[in-house]
Structure formats: structure tokens, C-alpha cells
Amino acid sequence: MDPAERAGYDDHPPRLGFFTDTSVCIGCKACEVACKEWNAVPEDGLLLTGMSYDNTEQLSATTWRHVAFIEQIGPRGDGAPGPDGPAGGPPGAADGWPGAADGTRWLMASDVCKHCSESACLDVCPTGALMRSEFGTVVVQDDICNGCGNCISACPFGVIARAETDGGAHKCTLCYDRLGDGLTPACAKACPTESIQFGPVDELRERARSRVGELQESGVSKARLYLDNPDDGIGGGGAFFLLLDEPEVYGLPPDPVVTTRDLPRMWRHTAMAAAGLAVAAFAACLHGARERS
Amino acid sequence: MVPRARPDSYYGRPVLKEPVWEAENVASYLFFGGLAGASSLLAAFAQLTGNRELPRVSKVAAAGAIGVSVAMLVRDLGRPARFLNMLRVFKVTSPMSVGSWLLSGYGPAAGAAAALAVTGRLPRAGAAATAAAAALGCGVSTYTAALISDTAVPAWHDGHREMPFLFAGSAASAAGGLGLLAVRPDHSREAARFAILGAAAELTAKSLMMRRLGAASEPYQTGRAGKLMEAAEVLAATGLAGAVLSGRSRLIAALSGAALLAGSALTRFGVFEAGRASARDPKYTVRPQRERLTQAAAAVRPDT
């Protein structure tokens, strides 16, 4: 079921989201800058991490688009020489990817909030600050959030975070304020290679499937879609990705499942434990009167 | 130099965000909240069976503990002034929401029960407050297990089946322990039995949880969390043994009570720290998920 419909919107526009095709990302970080400029997100410290060109490090309360850089050097991708070299080498050797003859490749990817169909952060929020918009996106209402931090522990991707400066939780809004006026989100607008594509999620999924088919046909066997499938552990993401390697290489969980799926069992066991506690108290006091009389 | 690319993580960085909750606030809250709810239960049933001293002590303990709890919860918020926003909505998908409403009912009930017990006024109102506090107290002592399990934190989520029983046992152990500490032995037999049942449940639940988690129990058994959990276990076992013998001497009863209280607190701090550690190291998130995918793929592929 469509998330906006499930949230109670009777008449709503088509679900909007992102398809981030990391195979054409050039690592320019225009998306990071555009996002910060439009949303007036503060800087998060000037640090040099030594993580290739990634000095942003992670998504946080003050970073809502984060470009990751992975340098896979040599045929094995870790700098070690392969037994045969690229042609007869082990998996990871060249992989049909236009690049260095020795199989070296650079992976660059712009990470963002996935706007999950089944959103753990939204489910656990006790104040109702986190809500589903009519576009199917997940948005934090900053004037309600009291910074309890529950959403932060619930997100299976480590996206949403609490800002030390103002005590509230913040994350990508999918430029909710731009969507209302029919505009494209800042990051998609700024991306020079159309690595970040914006539009109705159904359309994006179709486009993504044909793109990944194209890549695999030309020999890029490791190309795959991530979070495009409505049957996955989060019901598919409003923002999903084309990756060139396993998700964990990019710092993404391989098979995330929204914690709410186990909540019915948690409540059942809680009820049993609560009942057990009462029975124990009763049993402990049963002899009481007889002992003292 | 840029570190070598790894096939199983992004520069060894965590996949998840570590919980922003501070142990001194939230782990303490888990302990005091459990103590409060279970104390209200003990007070109610002990009063029903004619005990005079234990109920008063337990009621005062419950009221004090829940006061401390709520103060710590508010303190831990990023924006404490907005604590009442917890009551804007009621969501069953949010244990924290359910808990906020539970506490809104339980707090006043426990406070009234204690005040009326101490002053001796309005006995029927006092009985009603005691009953209400006991009924809600069952929930107060156990909902927190759902709260921490309902997250992406591997050590907490993976333990979700046993966590409510661990917390309930720990709460009973603490409430019984307090009774043993503060009430003379011939009037604290109920507390002793409650503590014995609680500590036994606590130890059993923990053992079952570790067994089922298998490799995933590592955060509970190594590092700081491992030390806390082990200490908690020793204290709970010692307290349990002491509770069995507590009828004989005030000293044994008091020591046993103290051990049980300390053990219950350390259990909560240990669980909390284990969660932290499991969120920090990406392997606890990545490996089980990768294994699950591999097994699912193997199941689909026909074996030739």
C-alpha cells in the first residue's frame, strides 16, 4: 500500500523520491552544498578524515547528503596484486568497468535519507514530530520535536541524528518546501551528471531497472539496485540507489529490516512479563497472612 | 594514506548511529522505573494479605523512584522544556509513547498511594491509589524492554524475546531487595520471596537470551558491558542466596537486599552498554544481515 494512503491522505499527489545512480557520480559534492544552502544547514566542523575525498564522514543532523568515496585499487580492490592480473583475475578484476587496466576503480555515491515505505523513525516517534507527507516522504516537524532520540536508535541506516546545537532531530526533508511549489529538490537540481534523479517513484523504478539491465549487459556484473523492491525489509525506499558493489562497501546495511515488524511480538512478550510480574507478587504474598497469624 | 578499501565496511565506520541516550539518565531510569512498578505491586499484594510495614515502605520507595525516573527522562531530552509533547499523541507503534501515558497515570497514583499511606488519611482512596499503581506498575516495569528492543540496535533488538522477562525479573529483584533492606525480617518475608522469584527469572532470562543470540551475544560478554553483566549476575545470585537465608538475621537480609538492588542496576547498565557497543561496530549490523541473505540465496538455488 502507498505510504501516503496508509497515513490517511485521501487525495494525494504521486509518491515522489530519488533514484541515485552512483555509476555516473563524479564526486563533485554539488549535492552536499546545494542541500546545505537551500536548507540553511550549518557546517559540521572542518575536519580532514583521510577517507579519500570524503571529509564529511557520514549523514548527520547537519549533513543531509553525504558523498562517499571508495578507492578499490588493483584487481582485488584492496591494493593487493591478483594472481593473474585483470584478464584472468578473481572477481573484482575490471568487472567490465571502464577504468584502469589493473582493475582499479573509484566508487562515488551520494547517500541520503531513504524515506522508507515502512519507516522505523516515524513509527517510534512519541510526539508525532515525524510524519508522512502527502508526497510519501518522511519529514520531521522541528517545532514539535523534543529531542527524545528514539528515532536515532530506530533508523536501520544511521541517517537521522540529534543536533548538539539545538537538541532536535534533523534529516533530509526531500525539500518538502520546494515540492509544494512544484520545484525539484536542491540536490537533484544541482547534480551535473543526473546521478541524482528526482520524480515519481514508479517512474524512477522503471528507469532504474532498465539502467541496471543496461549495465549488466555491458559486463558490469556487480551493478545492482538497492532498496528498489517493495518486498524488502523496509517496503522499498522512496529514495533508492544503483550501486556497483555490495551495500556494506558503501557503509549501507545489506538487508535492513524495519524494527516495527517485530513489535507485535515485543508487545506480546511485554504483556506476558507484566502478567508474570503480577502473578509473582501475588504468589510471594500468599503465605503472608498465614505466617503472621 | 587512504586506508585499504574493505569489503565489509566503509573505512570501519559504524552503519548505525549510536544511541544518544546517556547511561546515567536512561539506564538509571530503567532501574528506577522497574523498581517503582514492582514495588507498587508488592505493596498492593502485601497490604491485601495483612502486612503492615512492608506496604508503606514499598509505596514510598515507588513514589520516590518514579519521581527520580521522570526527572532523568526529562533531563535526557534534547529539548527538556518540551517534555509535555510526549502527550500530544498516543501511538502503539511507539513504546515511548505508550510509556509516557503509562507514567502519566502511574506517577500520580504512586504519589497518592505513598502520601496517603504515610499520613494514614482517606484509607479507601489510599487503597484505590495502591491498586491503580499496582495495575499500571506492571506496565511501567516492563514497557521499557519493548522501548529499547524496538530499535535497530543489534544487541537490543536481537534480545527482544527475552528482554521483557529480564526486565520484569530485575524489577522484582530490586523491589524485593529494597523490602529486605528497609523492613525487619519477620515482616519482609513477602519481599524475600518476591526477590527470589525475580532474581531467578532475571538469571534465567539472561541465560536464555545469551544462548539464543549465540555469536550475537558478544556485545554482552566482552568489554565494559561484559564486566557489568557479569557483576550483575554475581550480585543477583548472591542476593538470591541471601534472600533464602534472610529470615534468620537482619544483617543477612540487609546485605542480600543491597546486593539485589545493585545487581538489578548493573543489569540495566550492562544491557545499555552492550547496545552502545553493538551499534558502534559495523560488524554486528552487517554480518548477520549478510548471512541471512546468503542463506536465503542458498535456499532458492537448487542443490546440484
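Up top is the structure these notes are about.
Structural notes, computed from the coordinates.

Reading the values: the criteria
Residues numbered from 1 in each chain as written. Chains lettered and ligands numbered in written order. Predicted model: local features only at pLDDT ≥ 70, side-chain atom pairs only at ≥ 80, totals over all residues. Helix = DSSP H or I, 4+ residues; strand = E, 2+ residues; numbered from the N terminus. Buried ≥ 20, exposed ≤ 12 C-beta atoms within 10 Å, placed from the backbone. Contact = placed C-beta atoms within 7 Å. Pairing = 2+ DSSP bridges. Axes fitted to C-alpha atoms, helices over the stretch in contact; angles between N-to-C directions. Left-handed = near helix turned anticlockwise from the far one by under 90°. Nonpolar A, V, L, I, M, F, W, Y, C, P; charged D, E, K, R; others polar.

**Brief notes about the overall build of chain A**
Working step 1: For chain A, the count of helices and strands is nine helices and 10 strands.
Working step 2: In terms of overall dimensions, chain A has a C-alpha envelope of 90 × 55 × 40 Å along the principal axes.
Working step 3: Within chain A, the fraction of its 293 residues that count as buried is 52%.
Working step 4: Taking contacts inside chain A between residues at least 6 apart in sequence as the whole, the part at least 24 apart equals 61%.

**Quick notes on the sheet that holds strand β1 (residues 16–21) of chain A**
Residue and element names in this part refer to chain A.
Working step 1: Pairing is mixed across the open sheet formed by four strands, whose spatial order is β8-β1-β10-β9. Whereas interior strands pair on both sides, the edge strands pair on one side only; in this sheet they are β8 (196–200) and β9 (224–226). Averaged over neighbouring strand pairs, the angle between their axes works out to 20° when direction is ignored.
Working step 2: Note that β1 and strand β10 (residues 239–243) share four bridges and pair parallel. The partner of Asp21 across the bridge, within β10, is Leu242.
Working step 3: Helix-sheet contacts for helix α7 (residues 201–217) involve β1, β8, β9 and β10, and the interaxial angle to β8 is about 135°.

**Details of the packing of helix α1 (residues 23–48) of chain B against helix α4 (residues 123–149) of chain B**
All names here are of chain B.
Working step 1: The contact between α1 and α4 brings their axes to 7 Å, and the two run at 145°. Viewed along their axes, α1 and α4 form a crossing whose handedness is left-handed. Mapping the contact onto sequence places Leu30, Gly33, Gly34, Ala36, Gly37, Ala38, Ser40, Leu41, Ala43, Ala44 and Gln47 in α1 and Thr130, Ala131, Ala133, Ala134, Gly137, Cys138, Val140, Ser141 and Thr144 in α4.
Working step 2: Of the residues in the contact of α1 with α4, the class split is 11 nonpolar, nine polar and no charged.

Function cannot be read off these values alone, since they describe shape.
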